[in-house]
Number of protein chains: 2
Amino acid sequence: MALKARALYDFNSENPGEISMRENEIVTLYSERDIEGWLEGANSKGDRGLFPASYVEIVKSDTASTAAVVNHNNSSSTSGNALQGSLYANVPDAPYQSPPSKVKNFPSPGYPGFSPPAQHPQPPGVFPENSQGSEDDWYDDWDDSSTVADEAPTGLYREFDANGPSIYTVSMPRGGPAQQQTAKSSATVGKNLNRFSTFVKSGGEAFVLGEAAGVLKDWDQIFVVMGQYGPQWQENPYPFACTIDDPTKQTKFKGMKSYISYKLTPTHTQTQVNRRYKHFDWLYARLVEKFPVISVPHIPEKQATGRFEEDFISKRRKGLIWWMNHMTSHPVLSKCDVFQHFVTCNSADEKAWKQGKRKAEKDEMVGANFFLTISTMAAPLDLQEVESKIDGFKTFTKRMDEGSMQLNATVSEFARKQISGFKKEYQRVGQSFKFLSQAFEMDQQPYSAGLNQAISITGDAYEAIGDYFAEQPSKDLDPIMDLLALYQGHLANYPDIIHVQKGALTKVKESQKHVEEAKMEASQAEGIKERCNVISIATMAEIQHFHQIRVRDFKAQMQQYLREQIGFFQKITGKLEEALQKYDNA
Amino acid sequence: MALKARALYDFNSENPGEISMRENEIVTLYSERDIEGWLEGANSKGDRGLFPASYVEIVKSDTASTAAVVNHNNSSSTSGNALQGSLYANVPDAPYQSPPSKVKNFPSPGYPGFSPPAQHPQPPGVFPENSQGSEDDWYDDWDDSSTVADEAPTGLYREFDANGPSIYTVSMPRGGPAQQQTAKSSATVGKNLNRFSTFVKSGGEAFVLGEAAGVLKDWDQIFVVMGQYGPQWQENPYPFACTIDDPTKQTKFKGMKSYISYKLTPTHTQTQVNRRYKHFDWLYARLVEKFPVISVPHIPEKQATGRFEEDFISKRRKGLIWWMNHMTSHPVLSKCDVFQHFVTCNSADEKAWKQGKRKAEKDEMVGANFFLTISTMAAPLDLQEVESKIDGFKTFTKRMDEGSMQLNATVSEFARKQISGFKKEYQRVGQSFKFLSQAFEMDQQPYSAGLNQAISITGDAYEAIGDYFAEQPSKDLDPIMDLLALYQGHLANYPDIIHVQKGALTKVKESQKHVEEAKMEASQAEGIKERCNVISIATMAEIQHFHQIRVRDFKAQMQQYLREQIGFFQKITGKLEEALQKYDNA
């Protein structure tokens, strides 16, 4: 039997060993088993090589039951209907197949400065046979590479309608206990059959349906308490911060390969550890996998070229500092094992590092099981009230996103104008004053020397002011753009988080209907409702945390911005006062 | 005999009763006598009407001696050679025929803000028969009209070479005793036969040749003293200033005609007089005629439309204030009868006003005779040194003119940018802050209200700063442009002044050559040299005065500019500090 797969998106080979393919192209697979997110095969042209596993769906043409299209609205009647695999070609416009660029309501899938996880993973090496996922990725060539297979691009701000048409396809196993459990489940309440649904992927569905199972250890417990403004994460009892300093270029292979190493010093250990961008990237992937309803701050975006240029390094470091600040500020993220390992483990102790890394990658309390770790003494929430609050928050995030986008565009243009136009105007004025003073110097009149010099100095002052304008944006506008980039990253996370909560709520409604129709026992529906409450409480706590750090960050940043601006205008005033004094004795 | 005239320049009829004509077109005259600078006749198309007398030269075809082309370099041999009037058509490129727009080294014949006298006078009425130069011009229709026929356009910064080819033509009598005297002169030293030469027109030539004659009264005497930096005008022993206030709209003919009246109050009489723009214009013409080597400040330029708009009135008033300041600062101009009459005579006393007006118009001590009024105890100047200093000053004026032009262009553009671009940028930033704060207001979190309000106020502050930028140019850049306009007017005067002095110097050289060739008596040459010394001393005194007020004015204006700019940036700082405080309790 020939193993085939169909390309869900265009993929353009960017590195040796990769092969390109077009959307809907049928490729031949050599093995169903992916290696760190990559599959090996041949495209229709016969090119042999690697491509991202998440870009294809496997088509097994000899067994009809493994390829089916199901309308979820009629799931009870049509579920299990077998359709030919060739039918996929007829549904190219199904929502999950839209590449990110076609997503509406959201101009760009990525945000300047911060990026969602890689759209496709980098190949582990030229040929997968040679690199069975080397653990020692500290020395990998590609500084920005990700070794974790990632989800297919999801449309941000598309309609989060859990009841929309969904498509069940057999895709290659993509890991994650939740999905594996889903495969063998036979619950009465219909499962959301869209494998690309965040509700499914995150493990939210599995948890709600009572399918999550893990050994809960005490130290894994995450507490949600009832605060003044509703559910909130219990504060980290051992808060700490972490500095990121001295990005330095390191080399390996006798200088043939280079990367940048950052020195991290957490306040609670006061011990410096060295980390590369790829470690941040690895950590980020772990966190996203583990925490379905927590907005993990995006790490600064990847960049293939100019990675060793000073400006880029400085900008990335600033981005990492912002990221670290949000990590250490988060009661759940800051405490979690994988992050603690990241900020405390001495990477020179290779054994300890690898051990922690392996442990994190084998963590069972991720996805669906994460919800098992949530403990709360709070009374169950009114789900209708939750729904209304979530809707309000959804509106808020849209508006904040629009506001951030506009401010970002304005501020970016303002910076550009100051660097170019404003500088030019002030410098032209300065030059014209100096040109006039040069003309005046030809007047042969001794009594005008003082004036001529004063005008010349005024010219110098205006040239300096031009420079001030050009230098200022990096001091006050860039930090605002950094802040906005980080928050735009969070805002990009929330559709998925909201989706998970909404999915859970839909299950509750379904189960209540089933109970009314006597298709489900009340106790089972009660369990669903309780678990939905857990998801809701966690979501509300995360939203509360978001608002609190948002107010904290925007307040601090606006204050810093205004202080910088005040200092800037005072500096100009000082320069002009200096020039004015020159006229006193002129 | 048909009286004919040839058009020296294109003239386009702009008002009823005027007729158009092209350069070199032959027109028929009804009378040789001009009415307030206008002649009546018919053009080649047969249109009958008025045209400016200064735009044509009269061609008397029946007498050859009245139309001649003479090369001044060979004047002793070819002077008086008769040539046909038709020959004029062969010399269209002679310098005096170039309309101002063709003049090189000077981009524009006029300066923004200040204008030389009208290129052609306004017709006194639709038909000249009806208006024999009414004395009561206070009530004339045309507020900006000039009742004085003016010189043909002269090229600014053309080469002041008194030895260049010049053309003698019989033009209609244009008044002025100097020219009339020249006509009957028979001095041995050849006269500059170019009627358009400033040296001739100003009376400089007539004076140097000893042809000026007038009854010198004591009070007419103008003293040049030897100061620290060379010859200088004796200070006005009764210095005064004069304010110009309350431009008010007056009407006449039962409201059918309107004009603006300004209230002038000189400090030495403390008595207010009312003056219209046309009075300034009349005075200006008197002063230009009277003082050949004094740079009479230009009055603000004429404007046919929008004369009653507030902006225009305010701008004109500012221009008149600058003009008045330069008039009262000038030791010679401030003292002279016609100016004193202008600032002191109550125009309500119509008889006194008319009397002074008539007296000024009949003043004999103008042009050539002006030089008779100059007294100096200073030793004769070294003419070679004078020549070198004048050359240095000529270079200076060119450089200052370039510098002023560039600064004016820069400042004008800078003002435009502040009013449009700068304002827009700051306001966009303000709007974006406000847009974000509006989004934040949807967060349902009571603890963020303070921040939301502070961001909104920051937005307001940036919108206000945008307005500050737009308002600022009228406070600091406009005054600089006003200053530059006034000085560009002076710079436009100096070519003619230098021309007069150079012409005198040339006469000295010629006379010395004649003495060597025994064609002239030494005593006559000595007289020419003495008179050239008077012109030189007056020119040097005027240059000295120019430098002194220039240093005074530019120093004061630069100081005012810098103080305004400092105040401006302090105002911005204050606004930002206000906004910053709002975050204290946010």
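Definitions and cut-offs
- Residues numbered from 1 in each chain as written.
- Chains lettered and ligands numbered in written order.
- Predicted model: local features only at pLDDT ≥ 70, side-chain atom pairs only at ≥ 80, totals over all residues.
- Heavy atoms only, no water.
- Salt bridge = Lys/Arg side-chain N within 4 Å of Asp/Glu carboxyl O.
- Helix = DSSP H or I, 4+ residues; strand = E, 2+ residues; numbered from the N terminus.
- Contact = heavy atoms within 4.5 Å.
- Buried area = accessible area lost by both parts, 1.4 Å probe.
- Polar contact = N/O pair within 3.5 Å; in protein donor to acceptor, adjacent residues only side chain to side chain.
- Nonpolar A, V, L, I, M, F, W, Y, C, P; charged D, E, K, R; others polar.
- Buried < 20%, exposed > 50% of the residue type's maximum accessible area, 1.4 Å probe, protein only.
- Pairing = 2+ DSSP bridges.
- Axes fitted to C-alpha atoms, helices over the stretch in contact; angles between N-to-C directions.
- Parallel < 35°, antiparallel > 145°, perpendicular 65-115°, else oblique.
- Left-handed = near helix turned anticlockwise from the far one by under 90°.
- Phe/Tyr/Trp six-rings, centres within 6.5 Å; stacked < 30°, edge-to-face > 60°.
- Lys NZ or Arg CZ within 6 Å of the ring centre and 35° of its normal.
- Least-squares fit on C-alpha atoms with pLDDT ≥ 70 in both.
- pLDDT = per-residue confidence, 0-100.

Residues and elements named next belong to chain B. Under the criterion given, the structure shown has 52 salt bridges over all chains. Among the salt bridges present, the one from Glu 289 reaches Arg 286, with a minimum N-O distance of 3.6 Å. On the criterion of helical spacing, the pair formed by Glu 289 and Arg 286 is a turn pair, its members being 3 residues apart in helix H5 (residues 277-290).

Attention shifts here to the interface of chain B and chain A. Taken together, the contacts link 68 residues of chain B with 68 residues of chain A. Buried surface at the junction of chain B and chain A, summed over both partners, amounts to about 6600 Å²; 72% is from carbon and sulfur atoms. Between the two partners, chain B and chain A, sit 4 salt bridges. With a shortest N-O distance of 2.4 Å, Arg 550 of chain A and Asp 443 of chain B are connected by a salt bridge. The interface formed by chain B and chain A includes 18 residue pairs in polar contact (both at pLDDT 80 or more). Per-element accounting of the side of chain B that touches chain A gives the leading share, 29 residues, to helix H10 (residues 383-440) of chain B. Residue composition of the side of chain B that touches chain A, grouped by class: 35 nonpolar, 20 polar and 13 charged.

All names here are of chain A. Among the 5 residues of strand S3 (residues 38-42), 5 are classified as buried, and the element is accordingly described as predominantly covered. In S3, alternate side chains face the same way, and those of Trp 38, Glu 40 and Ala 42 on one face and Leu 39 and Gly 41 on the other are all buried. Inspection of the sheet shows strand S2 (residues 26-29) paired to S3 by 2 bridges, in the antiparallel sense. From the neighbouring strand, Thr 28 faces S3, where its bridge partner is Ala 42. The pairing of S3 with strand S4 (residues 48-52) spans 5 bridges and is classified as antiparallel. When the sheet's bridge partners are listed, Glu 40 is paired in S4 with Leu 50. Between S3 and S4, which pair antiparallel in sequence order, lie 5 residues; one of them, Gly 46, sits at a positive phi of approximately 95°.

With that settled, the discussion passes to the packing of helix H10 (residues 383-440) of chain A against helix H13 (residues 522-581) of chain A. Residues and elements named next belong to chain A. H13 packs onto H10 with a crossing angle of 30° between their chain directions and a minimal axis gap of 11 Å. Judged on the interaxial angle alone, H13 and H10 are roughly parallel. Viewed along their axes, H10 and H13 form a crossing whose handedness is left-handed. Of the residues in H13, those in contact with Leu 383, Val 386, Lys 389, Ile 390, Phe 393, Phe 396, Met 400 and Phe 414 of H10 are Lys 529, Cys 532, Ser 536, Thr 539, Met 540, Ile 543, Phe 546, His 547, Arg 550, Phe 554 and Tyr 561. Here the residues of the contact of H10 with H13 are counted per class, giving 13 nonpolar, 3 polar and 3 charged.

Here we take up the packing of aromatic side chains. On inspection of all chains with the given rule, the structure shows 64 aromatic pairs over all chains. An angle of 85° between the planes, with centres 4.9 Å apart, marks the rings of Phe 469 of chain A and Phe 568 of chain A as edge-to-face. In this pair, Phe 469 of chain A sits in helix H11 (residues 449-471) while Phe 568 of chain A sits in helix H13, placing the two residues 99 residues apart along the sequence. For Phe 469 of chain A, a relative accessible area of 0% puts it in the buried group. When the ring centre of Tyr 259 of chain A is taken as origin, the NZ or CZ atom of Arg 276 of chain A, which lies over that ring, is 4.0 Å away. The ring centre of Tyr 277 of chain B lies 3.5 Å from the NZ or CZ of Arg 316 of chain B, which sits over that ring.

Moving on to the relation of the copies chain B and chain A. Laying chain B over chain A is done by rotating through 180° and shifting 0.0 Å along the axis; what remains is an RMSD of 0.2 Å. Considering both components of the superposition, the chain copies are consistent with a two-fold axis. For chain B, the minimum C-alpha distance to the rotation axis belongs to Phe 569 of chain B and amounts to 3.0 Å. Same-surface contact between copies: 100% of interface residues of chain B are shared with the interface of chain A.

Before going further, it helps to spend a moment on the confidence of the model for chain A. All names here are of chain A. Scored by pLDDT, chain A has a mean of 79; 75% of the residues are at 70 or more. Below pLDDT 50 for its whole length, residues 62-113 participates in 83 contacts with residues either more than four positions away or in separate chains. Segment residues 115-188: pLDDT under 50, and 209 contacts once partners within four positions in sequence are set aside and those in other chains are kept. This prediction of the complex comes with two scores: 0.71 for pTM and 0.72 for ipTM.

Residue and element names in this part refer to chain A. Relative to each other, helix H5 (residues 277-290) and helix H8 (residues 350-361) sit at 30°, their axes nearing to 10 Å. Taken together, the axis directions place H5 and H8 in an arrangement best described as roughly parallel. In this structure, H5 crosses over H8, and the sense of that crossing is left-handed. Packed against H5, whose contacting residues are His 279, Trp 282 and Arg 286, the element H8 presents Trp 353, Lys 357, Ala 360 and Glu 361 at the interface. Across the contact of H5 with H8, the residue classes break down as 3 nonpolar, 1 polar and 3 charged.

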